[in-house]
Amino acid sequence: MGKSLRSFSLSILLLCFFSSFPQTVVAQSASTETIQIDATARATPLPHFWEHMFGSGRAILSMRESYRDDLRNVRKVTGMGYIRFHAIFQDEVGVYDEDAQGNPVFNFSYVDQIYDGLLANGVRPFLELSFMPKKLASNKDALHAFWYKQNVSPPKDYGKWDEMITQFTKHLIERYGIDEVSQWYFEVWNEPNIDFWAGDPKQPTYFELYDHTARALKAVSPRLRVGGPATAQAAWADAFIRHCAENKVPVDFVSSHVYGNDKAEDVFGTHEQIPRNRMVCRAIGKVHEQIKSSAMPNLPLIWSEFNASYANEPDVTDAAYMGPWLADTIRQCDGLVNEMSYWTFSDVFEEAGVVKQPFYGGYGLIAEDGIPKSAYNAFLLLHRLGEERLAATSEDVLITRRKDGTLVIAAWNMAEPGTQGPAKEVELRFEHARVSGVQVTRVDPDHGDVHPAYRAMGSPRYPTREQIEKLRGAARLAPAERLEVRNGAATIRIPSQGLVLIETQPAQ
């Protein structure tokens, strides 16, 4: 997960906040925007790069039924195909041990249960190869601040590390077959540029880890896909590619991370104030350009963690704000990245300890007890966008077309987290299209947002079973509204923090 020790401490402090945060009203009057929708406008592919991969809590949590319930529910409404999590080599998974003579002993029992569970639910692993088994660690005291205290040191013996990677990979192929495992991704470590790696100096020691791991994987099968550097704050990509090219180290993709509230000093080395809704795609654009200007310009870019916040901010990740933020991120990042992995699909998650209340600014689309958040409903809506994107002049709209010719438009009204800006009216004017009406589905503070119902029942820290069912019901989207299109136009009102999905209906 993309945060340093200082942000981890911030997360702990913010855990005490409930989601009944106040809304600061900054304006009430509605503005009007006219959007021209030309059905014959230039179209480009829109491959839904934002919904194929999702992050989650560490590996062992995937054996819980609550985790798998949330996985199934997210997969129903998205194009989820891959899951990424930390700590497949954590001691609690039991992969690595040593006998009395110090020889490696391997146990893949829990590994099988973990990956069997993913595959049985229709998703594949995006394997983050981490963290260090304590008996293999060069520094047993190099423990990260997360609640589960993972060891982040280099291995004490690269021969034993190589053997673990080799036997682990051979086992996966024996169990699932090379045709299956060759469709997985193997990513070496997590965020070695910050406090998830205790090698010193960080970059050369990480490159050593990567080199050993990539070569061990490819020795088992050249069909396996391996990449990195999995850095926080869009770091090291240019140096990583250069290192691999100059030393002939295998690499099949580049990965990195950034969050909306990362600082420009950390990502770009500048003192800009980059807005939360601009940071992610600017960082992706930076790495995209580094790849294109490198010795390997065709390497895929997989953004293996992103979100609007790396801290626990209830008025961000728990709130309707995520609808406009996600739609705007898709608009800006389109064409710059192959895949983006949202952190995370579920609040079955323990980096800061056991969850203490349903809404605390967790990263998941689904809160504790299987309660969908606004972000879940935003993904549900945006899944229904078409496979082609049409050109648009507005920065608050995505215009798409499905294979059957249906025009699908996402429009939004973003305001700063915790504030309520003015509503706006959007007039859609259709050209070169026979449209009789549109169906409008909404996510905003009054639609698909569970918080009004949660506040109405007193914001209980431990909701009863009856209350949980009511909250799940309150999170469901209302049926779509139907509006007639007259003289080629329809007008839709979007409240502050609102996202709407508009689907055209053809004229008879």
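The structure displayed is predicted, hence computed values, not measured ones.

About the cut-offs
Residues numbered from 1 in each chain as written. Predicted model: local features only at pLDDT ≥ 70, side-chain atom pairs only at ≥ 80, totals over all residues. Heavy atoms only, no water. Helix = DSSP H or I, 4+ residues; strand = E, 2+ residues; numbered from the N terminus. Rg over C-alpha atoms; globule rule 2.2 N^0.38 Å. Buried < 20%, exposed > 50% of the residue type's maximum accessible area, 1.4 Å probe, protein only. Contact = heavy atoms within 4.5 Å. Areas by Shrake-Rupley, 256 points an atom, 1.4 Å probe, with all protein chains shown as cover. Lys, Arg positive; Asp, Glu negative; His and termini not counted. Charge placed at Lys NZ, Arg CZ, Asp CG, Glu CD. Core = buried A, V, L, I, M, F, W, Y, C linked by side-chain atoms within 4.5 Å. Salt bridge = Lys/Arg side-chain N within 4 Å of Asp/Glu carboxyl O. Phe/Tyr/Trp six-rings, centres within 6.5 Å; stacked < 30°, edge-to-face > 60°. Lys NZ or Arg CZ within 6 Å of the ring centre and 35° of its normal. Expected span 1.5 Å × (residues − 1). Pairing = 2+ DSSP bridges. Axes fitted to C-alpha atoms, helices over the stretch in contact; angles between N-to-C directions. Disulfide = S-S within 2.5 Å.

Section: the overall build of the protein chain
Move 1: Assigned secondary structure in the protein chain consists of 14 helices and 24 strands.
Move 2: Here the protein chain has a C-alpha radius of gyration of 23 Å; the compact-globule value for 508 residues is 23 Å, and the two agree.
Move 3: Within the protein chain, the fraction of its 508 residues that count as buried is 61%.
Move 4: Excluding contacts between residues fewer than 6 apart, the proportion of contacts in the protein chain whose partners are at least 24 apart in sequence is 76%.
Move 5: In the structure as shown, the protein chain presents an accessible area of about 19,400 Å², 49% of it carried by carbon and sulfur atoms.
Move 6: Across the protein chain, the mean location of the 53 positive side-chain charges is 2 Å away from that of the 64 negative side-chain charges.

Points about unusual backbone geometry
Move 1: Here the residue pair glycine 228 and proline 229 is connected by a cis peptide bond, since its omega of 5° sits within 30 degrees of zero.
Move 2: By secondary structure assignment, the location of proline 229 is in strand E10 (residues 226-231).
Move 3: In the segment running from tryptophan 343 into threonine 344, the intervening peptide bond is cis, with an omega of 10°.
Move 4: Positioned with a positive phi, lysine 149 is a non-glycine residue whose angle comes to about 50°.
Move 5: As for its placement among the helices and strands, lysine 149 is situated in the loop between strand E8 (124-129) and helix H4 (158-176).

A word on the nonpolar core
Move 1: In terms of nonpolar packing, the biggest core is built from 120 residues, with Tyr115, Phe168 and Trp303 touching the most fellow members.
Move 2: Ranked by residues supplied to this core, first place goes to H4 with 8 residues.
Move 3: The residues touching tyrosine 115, leaving out its near neighbours within four places in the chain, are Phe85, Ile88, Pro125, Leu127, Phe168, Leu172, Tyr176 and Trp184.
Move 4: In this structure, Leu390, Leu407, Val426 and Val435 belong to the second largest nonpolar core, which totals 21 residues.

Observations regarding the pattern of salt bridges
Move 1: Summed over all chains, the structure comprises 34 salt bridges.
Move 2: For arginine 282, the salt bridge goes to glutamate 272, with nearest N and O atoms at 2.9 Å. In this pair, arginine 282 is assigned in helix H9 (residues 276-292) and glutamate 272 in the loop between helix H8 (264-267) and H9, connecting sequence segments 10 residues apart.
Move 3: Given a relative accessible area of 32%, glutamate 272 falls into the partly exposed group.
Move 4: Across the pair glutamate 425 and arginine 493 runs a salt bridge whose closest N-O atoms are separated by 3.9 Å. Linking glutamate 425 in strand E20 (residues 424-431) with arginine 493 in strand E23 (residues 489-494), this pair joins segments that are 68 residues apart in sequence.
Move 5: Looking at glutamate 425, the relative accessible area reads 29%, which means it is partly exposed.

What to know about the packing of aromatic side chains
Move 1: Tallying each qualifying case throughout the model produces 33 aromatic pairs.
Move 2: Seen from their ring centres, tyrosine 82 and tyrosine 185 are 5.3 Å apart, and the 70° between their planes marks the pair as edge-to-face. Here tyrosine 82, found in strand E5 (residues 82-85), pairs with tyrosine 185, found in strand E9 (residues 185-188); they are 103 residues apart in sequence, far enough to count as distant.
Move 3: Measuring from centroid to centroid gives 6.3 Å for phenylalanine 131 and phenylalanine 196, while their planes differ by 15°, and the two rings are stacked. Linking phenylalanine 131 in the loop between E8 and H4 with phenylalanine 196 in the loop between E9 and helix H6 (202-220), this pair joins segments that are 65 residues apart in sequence.
Move 4: Given the relative accessible area of 0%, phenylalanine 131 is considered buried.
Move 5: An aromatic cluster is defined as three or more aromatic residues linked by ring pairs; in this entry it consists of Phe89, Tyr96, Phe106, Phe108, Phe131, Phe146, Tyr148, Trp161, Phe168, Trp189, Phe196 and Trp197.
Move 6: The ring of tyrosine 185 has arginine 225 sitting right over it, with the charged end atom 3.8 Å from the ring centre.
Move 7: The ring centre of phenylalanine 268 lies 4.7 Å from the NZ or CZ of arginine 282, which sits over that ring.

Focus: helix H2 (residues 65-77)
Move 1: Given a rise of 1.5 Å per residue, 13 residues ought to cover 18 Å, and the 19 Å separating the end C-alpha atoms of H2 matches this to within 8%.
Move 2: The complete set of buried residues in H2 reads Tyr67, Arg68, Asp70, Leu71, Val74 and Val77.

Here's the deal with the sheet that holds E10
Think of a sheet as strands paired side by side through backbone hydrogen bonds, with each pair either parallel or antiparallel.
Move 1: Spatially, 8 strands are ordered E4-E5-E8-E9-E10-E11-E12-E13 in a closed barrel, and the strand pairing comes out parallel. Here the average twist between neighbouring strands, direction ignored, is 25°.
Move 2: As judged from the 2 bridges shared by strand E4 (residues 53-55) and strand E13 (residues 339-342), these two strands associate in the parallel manner. The residue of E13 that forms the bridge with methionine 53 is serine 341.
Move 3: The sheet strands contacting H4 are E8 and E9, and the helix crosses E8 at an angle near 175°.

Structural notes on the state of the cysteines
Move 1: The full count for this structure, using the stated rule, is 1 disulfide.
Move 2: Paired through a disulfide, cysteine 281 and cysteine 333 show a sulfur-sulfur distance of 1.9 Å. Across the disulfide from cysteine 281 to cysteine 333, rotation about the S-S bond amounts to roughly -100°, and the bridge is consequently left-handed. On the criterion of sequence distance, the pair formed by cysteine 281 in helix H9 and cysteine 333 in helix H11 (residues 322-333) is long-range, its members being 52 residues apart. The burial state of cysteine 281 is the same as that of cysteine 333; both residues are buried.

Regarding the sheet that holds strand E16 (residues 388-390)
Move 1: Spatially, the 7 strands line up as an open sheet ordered E3-E16-E17-E18-E24-E21-E22, and their pairing is antiparallel. Taken across any chain shown, the strands that pair with only one partner, and hence form the sheet edges, are strand E3 (43-45) and strand E22 (481-484). For this sheet, the mean angle separating the axes of adjacent strands, direction not counted, is 30°.
Move 2: Pairing of E3 with E16 involves 3 bridges; the strand directions are antiparallel. For alanine 43, the partnering residue across the bridge sits in E16 and is leucine 390.
Move 3: Its contacts with the sheet place H11 against E16, strand E17 (397-401), strand E18 (407-413) and strand E24 (498-506), and it is angled at close to 125° to E18.

Function cannot be read off these values alone, since they describe shape.
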